[in-house]
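Okay, here's what each chain looks like letter by letter:
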Amino acid sequence: MRLGVIDIGSNTVHLLVMEARHGARPVPQASHKTTVRLMRYLQPDGCLSPDGVAALQEAVGEAAGVGREHGIEGTMALATSALREATNGPELIEDLSERIGVPIEVLEGDEEARLTFLAARRWYGWGAGRLLLLDIGGGSLEIATGVDESPDVALSVPLGAGRMTREFLAASDPPSPKDVERLRKHARRVLRDAVRPVTKAPGPDHAVATSKTFRSLARLAGMPRQVMGTGDRWRMRQEHLADWEPRLAKLSSADRTVLPGIGPGRATQVVAGAVVAEETMRALGVDEVEICPWALREGAILQRLDRL
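One structure accompanies this document, and this report is about it. (Residues numbered from 1 in each chain as written. Predicted model: local features only at pLDDT ≥ 70, side-chain atom pairs only at ≥ 80, totals over all residues. Heavy atoms only, no water.)

**Some points on helix H5 (residues 161–169)**
And step 1. The buried fraction of H5 is high, at seven of nine residues.
And step 2. All of the buried residues along H5 are Ala161, Gly162, Arg163, Met164, Thr165, Phe168 and Leu169.
And step 3. The secondary structure elements touched by the buried residues of H5 are helix H2 (81–85), strand E6 (131–136), helix H6 (177–194), helix H8 (212–221) and helix H12 (270–284). (Buried < 20%, exposed > 50% of the residue type's maximum accessible area, 1.4 Å probe, protein only. Helix = DSSP H or I, 4+ residues; strand = E, 2+ residues; numbered from the N terminus. Contact = heavy atoms within 4.5 Å.)

Given below as C-alpha cells:
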C-alpha cells in the first residue's frame, strides 16, 4: 500500500510517502518538507503565537494536499515536543487533525525514541548487536539503547537544537563565546543526570545517530563510509566535531550556509546542535557515530505494518 506520514516537528512539517507492505523494505516515493521552526513562536505563557498557528496550519494543509496528489491509501500524523508542550496544543491538534482528515498522534518523548530506535534496528539488522541511538530534534534530544527491536532504555531530554538556540544563543549572530559556554555548561548539567539509565546499561556494539542536525554535522565534520548500494553514508568522530564546533560558533548564520551540509534552514541552529551533540557523545563515552538514514517517520510506518 502507499502510506503517508506527516511528521509535525519542532523545526519542520515533513510528509513522507512510501510504498510499503509487511515483510518488505519501505520504498520512498515522495517527500515534502516545510520549515516552520515552531520554537520561535513560543510565547512567555507557553502557547504558540497566532503567527505560529497560521504558519503551522498552512504547512500541514500543504502536506495533506501533496499526500492526496500522490494517491496515498493511508495517512499517519505525528506530533512531537513543540505541540506536546504548547499550552494551546490540544485545541491546535484538534484543528490540524480536521485539516489532515485523521487524528494526530502526539508522541511522548520516550515513544519518539522507541519508534526511531525501531527504524535504526531494522536498518542495521541483528548483526549490529546492541545499538545506541542519538537523535537531536528541534525541541528535544532522544536517546535509546538495546539489543531487540524495542529498546531497554528510551528517554527524551529537553536539549533540542531549536530550543537551545532560543534559550542561549539568540542574543547575537554569531553568538558570543560567553553564551556558547553557558549552553555547554547547561547541556553538561542536564546530561549528567539524564543519561544515567543509559550508562548503567551494557555498552553498545554500534552507536548511530539520526536527524537533520546530525546529518548536517557529519557532512561537515565527518567522513564518508564505504557501503554497498546507492546513497551516501557518513560517520563522525567526537574529536572532529569538537574541532569544528568553535569554528562554527565564530561564523554568522549567513556565512555558515556556504559550508557543506549546512543549509539556510539549519544555519541558525547548527551551533547549538553541535554543542549538544558533542556533549552527548562525551557524556555517553561515544567516540564515533554512524548516521542512520531511517528515523521517526520510517519507524512509524514499520510499526503500522507490524500491527497490520
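Now, onward.
**Details of the packing of H6 against H12**
And step 1. Running from N to C, H6 and H12 cross one another at 35°; their axes reach a closest spacing of 10 Å. The two elements H6 and H12 cross, and the hand of that crossing is right-handed. Together, Val180, Leu183, Arg184, Ala187, Arg188 and Leu191 of H6 and Val271, Ala272, Val275, Glu278, Glu279, Thr280, Arg282 and Ala283 of H12 make up the contact between the two elements.
And step 2. Grouping the constituent residues of the contact of H6 with H12 by class yields eight nonpolar, one polar and five charged. (Axes fitted to C-alpha atoms, helices over the stretch in contact; angles between N-to-C directions. Left-handed = near helix turned anticlockwise from the far one by under 90°. Nonpolar A, V, L, I, M, F, W, Y, C, P; charged D, E, K, R; others polar.)

**Re the pattern of salt bridges**
And step 1. Taken as a whole and judged by the stated rule, the model has 21 salt bridges.
And step 2. The residue Arg184 makes a salt bridge to Glu181 at a minimum N-O spacing of 3.8 Å. In this pair, Arg184 and Glu181 are both assigned in helix H6, three residues apart and thus about one turn of the helix distant.
And step 3. Residue classification places Arg184 among the buried positions, given a relative accessible area of 9%. (Salt bridge = Lys/Arg side-chain N within 4 Å of Asp/Glu carboxyl O.)

**Focus on the sheet that holds strand E12 (residues 288–291)**
In any sheet, the strands associate via hydrogen bonds between backbone groups, in a parallel or an antiparallel arrangement.
And step 1. As summarised here, the arrangement of the seven strands in space is E8-E7-E6-E9-E12-E11-E10, forming an open sheet in which the pairing is mixed. Two strands in the sheet have a free side with no partner beyond their single neighbour: strand E8 (153–157) and strand E10 (223–224).
And step 2. With six bridges joining them, E6 and strand E7 (residues 141–146) adopt antiparallel strand pairing. Its bridge partner lying in E7, Leu133 is registered against Ala144.
And step 3. Lying over the sheet, H8 contacts E6, strand E9 (206–210), E10, strand E11 (234–237) and E12, oriented at roughly 80° with respect to E11.
And step 4. Where helix H9 (residues 238–249) meets the sheet, its contacts fall on E10 and E11, and the angle it forms with E11 comes to roughly 75°. (Pairing = 2+ DSSP bridges.)

**Structural notes on the environment of Ala295**
And step 1. Here Ala295 shows up in the loop between E12 and helix H13 (296–307).
And step 2. Beyond its immediate sequence surroundings of up to four residues, Ala295 is in contact with Leu115, Thr116, Ala119 and Thr210.

**Section: helix H1 (residues 50–69)**
And step 1. For H1, built from 20 residues, the straight-helix expectation of 28 Å at 1.5 Å per residue is met to within 8% by its first-to-last C-alpha distance of 29 Å.
And step 2. Turning to H1, its buried residues are Gly52, Val53, Leu56, Ala59, Val60, Ala63, Ala64, Gly65, Val66 and Gly67.
And step 3. Against the buried residues of H1 lie strand E1 (2–8), strand E2 (12–19), strand E3 (27–35), H2 and helix H3 (89–100). (Expected span 1.5 Å × (residues − 1).)

**Thoughts on the pairing of E7**
And step 1. By the criterion of burial, E7 is predominantly enclosed, with six of the six residues buried.
And step 2. Judged by which residues are buried, E7 turns out to be covered on both faces: Leu141, Ile143 and Thr145 on one side and Glu142, Ala144 and Gly146 on the other are all buried.
And step 3. Connecting the antiparallel pair E6 and E7 is a turn made up of four residues.
And step 4. Sheet topology places E7 next to E8; five bridges connect them, and they run antiparallel.

**A word on the sheet that holds strand E4 (residues 74–79)**
And step 1. In spatial order, the strands read E3-E2-E1-E4-E5; together these five strands make up an open sheet with mixed pairing. Looking along the sheet, the strands with just one partner apiece sit at the ends: E3 and strand E5 (104–106). Going across the sheet, the axis of each strand differs from the next one's by a mean of 20°, ignoring polarity.
And step 2. Along the sheet, H1 makes contact with E1, E2 and E3, crossing E2 at roughly 10°.
And step 3. The sheet strands contacting H3 are E1, E4 and E5, and the helix crosses E5 at an angle near 145°.

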